[in-house]
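Close look at the chain arrangement
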Amino acid sequence: MLYIDDICVDEAARGRHVGKSLYEHVRAYAQSIGCDHITLNVWEGNIPALRFYQSMGMQVQKTTMEVIL
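Residues numbered from 1 in each chain as written. Predicted model: local features only at pLDDT ≥ 70, side-chain atom pairs only at ≥ 80, totals over all residues. Heavy atoms only, no water.

1. A short note on the overall build of the protein chain
Regarding its fold elements, the protein chain presents two helices and two strands. Listing each helix as α and each strand as β along the protein chain from the N terminus yields β-α-β-α. Over its C-alpha atoms, taken along the principal directions, the protein chain stretches across nearly 40 × 30 × 20 Å. Every one of the 69 residues in the protein chain was classed for burial, and the buried ones make up 23%. The long-range fraction of contacts in the protein chain, counting pairs at least 24 apart against all pairs at least 6 apart in sequence, stands at 59%. If you sum the accessible surface of the protein chain, you get close to 6,000 Å²; carbon and sulfur atoms cover 53% of it. Seen as two clouds, the 6 positive and the 8 negative side-chain charges of the protein chain have centres 8 Å apart. (Helix = DSSP H or I, 4+ residues; strand = E, 2+ residues; numbered from the N terminus. Buried < 20%, exposed > 50% of the residue type's maximum accessible area, 1.4 Å probe, protein only. Contact = heavy atoms within 4.5 Å. Areas by Shrake-Rupley, 256 points an atom, 1.4 Å probe, with all protein chains shown as cover. Lys, Arg positive; Asp, Glu negative; His and termini not counted. Charge placed at Lys NZ, Arg CZ, Asp CG, Glu CD.)

2. Observations concerning the packing of aromatic side chains
A complete count under the given rule lists one aromatic pair for this structure. Here the aromatic rings of Phe52 and Tyr53 are separated by 5.2 Å at their centres, their planes lie at 65°, and the arrangement is edge-to-face. (Phe/Tyr/Trp six-rings, centres within 6.5 Å; stacked < 30°, edge-to-face > 60°.)

3. Thoughts on the environment of Val42
On the secondary structure map, Val42 appears in the loop between strand S2 (38–40) and helix H2 (47–55). A residue is classified by how much of its surface remains accessible, and Val42, at 31% relative accessible area, is partly exposed. Residues Val42 and Arg27, 15 residues apart in the sequence, show an inter-C-alpha distance of 17 Å. Setting aside residues no more than four positions away along its own chain, Val42 makes contact with Ala49, Leu50 and Tyr53.

4. Here we look at the nonpolar core
Listed in full, the twelve residues of the largest apolar core are Leu2, Ile4, Ile7, Tyr23, Ala30, Cys35, Ile38, Leu40, Ala49, Tyr53, Met56 and Met58. Elements supplying a minimum of two residues to this core: strand S1 (2–4), helix H1 (18–32), S2 and H2. If we skip the residues at most four places from it in the chain, Ala30 touches Leu2, Cys35 and Ile38. (Core = buried A, V, L, I, M, F, W, Y, C linked by side-chain atoms within 4.5 Å.)

5. A few points about H1
The terminal C-alpha atoms of H1, which comprises 15 residues, lie 21 Å apart, in line with the 21 Å expected from a rise of 1.5 Å per residue. When we look at burial in H1, the residues that qualify are Gly19, Tyr23 and Ala30. In a view along the axis of H1, the buried residues occupy a sector of 30°, so they form one face of it. Exposed residues lying more than 90 degrees from the buried face of H1 are His25 and Ser32. Tucked into the core, H1 has its buried residues touching S1, S2 and H2. (Expected span 1.5 Å × (residues − 1). Arc of directions from axis to C-beta.)

Take it as geometry only, folks, not as evidence of what the structure does.
Have a look at this one:
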């Protein structure tokens, strides 16, 4: 398994397929080292990120919940 900690694209560069290029590079790297899946976390309210990852073929695996004390 390969875990993606962060993929961040500066707002000025969004819409230029930078995120797609980064994700595709990571995917190719994961395959080259024998990983059988990729995981990452994304904030529930970050709809653009959720849509992006879904467009890359990712699916929701689990939901993590918390309470701030």
